[in-house]
Amino acid sequence: MRGLIRYLSPFAPDQSGASGVFYDLGGLIVICDAGGCTGNICGFDEPRWFSRRSGIMSAGLRDMDAILGRDDQLVEKLKSAVTRLGAPFAVLIGTPVPAVIGTDFRALGKMAGKRCGIPVLTVSCKGTGLYDEGEEEAYLSLMEAFAGGSGGGDDAGDAAPLKGLVGVIGATPLSTDTAMPPERLSSALGTDRLLCYGAAGGLSAVRRAPRAEKNLVISPSGIRAAEYLRERFGTPYEAAYPLVPRPVIETYPELRGKRVLVVHQQFAANAVREGLAGAGCEDVTCATFFMMKEEYAKPGDARFSTEESFTRFVEGGGFDAVIGDRFLSRAVRGFRGRWIHMPEFAVSGECADVGETGEGPERKSGT
Amino acid sequence: MGNDAYYITAGELAAAGSGQIPDELRSARHLIYSSPATLAFNSPGAQGFGVKRAGLAVPGSVMLLVSPGCCGRNTTLLTERREYDGRFFFLLMDETDIVTGRHLRKIPDAVREVVAACAERPTSVMICITCVDALLGTDMDRVCRKASEAAGVPVLPCYMYALTREGRIPPMAAVRKTVYQLLEKRKKRASSVNILGSFTPYDDDSELYGILRGIGIRKIREISRCEDFESYLEMAEANFNLVLNPESRVAAADLEKRLGIPFIEMTRVYQIDKIHRQYELFGAALGVMVDDSAWMAEAEAAVADFRERYPDAAFSVGEWLNADPFELSLALLRYGFRVNEIFGTVTDVNRIYIRRIAEISPETRIYTNLSPTMLFYDCAGGEDVITLGKDAGYYHPDGVNVPWNDEQQPFGYRGLTRLFERLAEAAGKAEGIS
């Protein structure tokens, strides 16, 4: 049956993705929920939550708020918090509750912005989408609101690009499987001349976006924002994923001549494919449960929309090895090949750098 | 951003009188800050038991969570635990479902598939539904009946309605009622009693068991100690139910109505005279004498021993623990210790404790974990306090922390004794605690 999950469990949802983009920007992040969605985001999908504070709030909606559509009360709560905390901006993120009652987020954002006197962004998540859909909308709204704006220092706005300065889009824990994307990227790329939008440097980094010589897009969720920046500021972009875990790279020579399936977010899977090709392994298929951009796919690549389609694809594909999060192997009990673990935080909630860097989230039992 | 965390002293709060709880302490009046200290509030089962885990208290049951994907996300961790392996299934709703409710038609077939996928036939299937169905007004009893007919096993609804958290029957009270729904009327046994309250057992050495056996009870049942479905069904033969958590009151009332099992209620408290008084009242209700003297003496000795070693101990008490933070704070104050701070949710129920706290320690500061201003709580300077509760430990990472939130439940004198044993152990390990 479509939609029935027997062996796996749901992946990181859209509101977690949206929240992750804003987590380190110093604004108020308001999850329009009753509390449970916020708990899920913070307690499970946000590894930075246990080590770094952020103004992430639940709207604390109750049944009568939803039934009566009391948006005005939400706005008053927001205004009170903005006044007390002095936040430079706020973002309202949707969940299933506003989706059911048909909340007009654009109107809500405008009303809240007027009342609070600060920019109020909105991301109309529904809880039915996956994290990258939330990230995509969040990055786009972030860039539309702040890229090139004042407050980014004397080199923001219309100033010319700086040689060697690279913008990074998509470097969230959910897309990179690490609680420290900027640090890991600096180390992997050998430079600290990075503008990791949403991950380091706060709003000022976003405002400096026009100064980037090029943008590096780490995950498909960043493509739309990269296209926006290219159209607006002429900044070129390229897709790349420089964070493939070392233990995975070390297996490449062993896979020469094998038929390999890589299951991960598309750009990470593509990076593994390139690495395998370099080691003489040419028969590689990439697949994902998340967003798949056709222009970055090769013939035979797959996107799974159900657990069942994943099971069929793996068990019937004749693969010698699968590279992917070991949590997925629960659904392919008939697969007899080798499983090489490549953690995917949005799938299992496991960071790739736990143990390697010593920093990882404290995990809690679920409901 | 910048500001100070909001607090009010016990003296100020008590002086404000009933009905005058400041807006800052009322969660409905402000956004709810999410910090690790509030995990238990924002995701009730993210520590201990939430609706999903609680619904599986019935031996041999499995759960089908019918919801958008986000509601089942953190269940990933539960599925990694051996006792829940193969017991969670998900029917994901899409955008059309959440507007039209068409997912309801799929449930009977989904339940049939779930039953077929289980290695052993489940004793029951729990359908867990969430805020979406609360808003759609779904008649889940009817859906469950159809699913039961289709699959040939009992199917029960579990309402994970966060939207109704402060409603007449909150989700955790509703699920406590659900897990006893499969009990059917049986002949009563005078020597049988059920303990209702927790989804994990009370401490094995709790005096509760000794006291009950002392008055002739031979079978003491708790749902968490039922090893199989038959032993669960035997709970229906109880002569009375002993309710140890107010959230079980609805379940107890339902069992009284359906199966004719009356109930007696006791509360977890840490004031020794109140524990004693409860047992006196318990005995009076049953017409028996309860001899609790040995356990009482043991608890008094534990408190006295700690006081002798740490007479100037100062506490910071949180709410993420097995206690009412205000009652526990009052107990600590009455035992002669200082309580600098309480992180708690002020309700009409605990205002009586706050008045007493104000009499003894009017300067005790009361914070609410949920206030947005807690974003700016200054964690520095907590080296000289003992923190009780995981949330208090979060705010004072340099202090001595006793989380006191084990799944095994403390109660009564033995709970108090164990608490002070833990405190002594933790304080003994630390330096700088006088």
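These numbers were taken from a predicted model, which means no experiment stands behind them.

Definitions and cut-offs
- Residues numbered from 1 in each chain as written.
- Chains lettered and ligands numbered in written order.
- Predicted model: local features only at pLDDT ≥ 70, side-chain atom pairs only at ≥ 80, totals over all residues.
- Helix = DSSP H or I, 4+ residues; strand = E, 2+ residues; numbered from the N terminus.
- Rg over C-alpha atoms; globule rule 2.2 N^0.38 Å.
- Buried ≥ 20, exposed ≤ 12 C-beta atoms within 10 Å, placed from the backbone.
- Contact = placed C-beta atoms within 7 Å.
- Domains from an automatic or database assignment.
- Nonpolar A, V, L, I, M, F, W, Y, C, P; charged D, E, K, R; others polar.
- Pairing = 2+ DSSP bridges.
- pLDDT = per-residue confidence, 0-100.
- Core = buried A, V, L, I, M, F, W, Y, C linked by C-beta atoms within 7 Å.

## Some details on the overall build of chain A
Here is step 1 of the chain: Within chain A one finds 15 helices and 14 strands.
Here is step 2 of the chain: Relative to the globule expectation of 21 Å for 367 residues, the C-alpha radius of gyration of chain A, 21 Å, shows essentially globular dimensions.
Here is step 3 of the chain: With respect to the principal axes defined by its C-alpha atoms, chain A has extents near 65 × 50 × 35 Å.
Here is step 4 of the chain: Buried residues in chain A amount to 58% of all 367 residues.
Here is step 5 of the chain: Residue pairs at least 24 apart in sequence account for 71% of intrachain contacts in chain A once pairs closer than 6 positions are excluded.

## Comments concerning the domain arrangement of chain B
Residue and element names in this part refer to chain B.
Here is step 1 of the chain: Domain parsing of chain B yields domain 1 (8-40 + 293-429), domain 2 (51-159) and domain 3 (192-265).
Here is step 2 of the chain: The C-alpha centroid of domain 3 is placed 27 Å from the C-alpha centroid of domain 2.
Here is step 3 of the chain: Every contact between the two is made by seven residues of domain 2 and, on the other side, eight residues of domain 3.
Here is step 4 of the chain: For the side of domain 2 that touches domain 3, the per-class residue count stands at four nonpolar, two polar and one charged.

## Observations regarding the sheet that holds strand E4 (residues 88-92) of chain B
Here is step 1 of the chain: Sheet architecture is open: five strands sit in the order E1(A)-E4(B)-E3(B)-E5(B)-E6(B), paired in mixed fashion. Each of the sheet's edge strands pairs with one partner strand only, and the pair in question is strand E1 (4-5) of chain A together with strand E6 (155-159) of chain B.
Here is step 2 of the chain: In this sheet, E6 of chain B lies alongside strand E5 (residues 124-129) of chain B in parallel orientation, the contact comprising five bridges. Bridging from a neighbouring strand, Cys128 of chain B pairs with Cys158 of chain B of E6 of chain B.

## Regarding the interface of chain B and chain A
Here is step 1 of the chain: Contact residues are listed per partner, giving 65 residues for chain B and 61 residues for chain A.
Here is step 2 of the chain: For the side of chain B that touches chain A, a count of residues per class yields 35 nonpolar, 20 polar and ten charged.
Here is step 3 of the chain: Of the strand pairs in this sheet, strand E3 (residues 55-58) of chain A and strand E2 (residues 32-33) of chain B are connected by two bridges, and their pairing is antiparallel. In the sheet register, Ser58 of chain A faces E2 of chain B, and the bridge partner there is Ile32 of chain B.

## Some remarks on unusual backbone geometry
Here is step 1 of the chain: Positive phi, normally seen in glycine, also occurs at Asp177 of chain A, with a value near 65°.
Here is step 2 of the chain: Considering the arrangement of structural elements, one finds Asp177 of chain A in the loop between helix H8 (173-176) and helix H9 (181-189).
Here is step 3 of the chain: Backbone geometry at Trp404 of chain B places phi at a positive 50°, although glycine is not the residue there.
Here is step 4 of the chain: Its 24 C-beta neighbours within 10 Å are what place Trp404 of chain B among the buried residues.

## Observations concerning the confidence of the model for chain A
Low-pLDDT portions of the prediction should not be read for the details of their coordinates.
Here is step 1 of the chain: On average, residues of chain A score 92 in pLDDT, and 94% of them are at 70 or above.
Here is step 2 of the chain: Counting interchain partners and residues more than four positions distant, the pLDDT-below-50 stretch residues 354-367 of chain A has 38 contacts.

## Overview of the nonpolar core
Nonpolar side chains tend toward joint burial in soluble globular proteins.
Here is step 1 of the chain: Membership of the largest hydrophobic core comes to 259 residues, with the highest contact counts inside it found for Val30 and Ala90 of chain A together with Leu64, Val125 and Ile127 of chain B.
Here is step 2 of the chain: Broken down by element, this core gets its largest block of residues, seven residues, from helix H7 (residues 131-146) of chain A.
Here is step 3 of the chain: When residues no more than four places from it in sequence are discounted, the contact partners of Leu64 of chain B are Phe89, Leu91, Ala110, Val111, Val114, Val125 and Ile127 of chain B.

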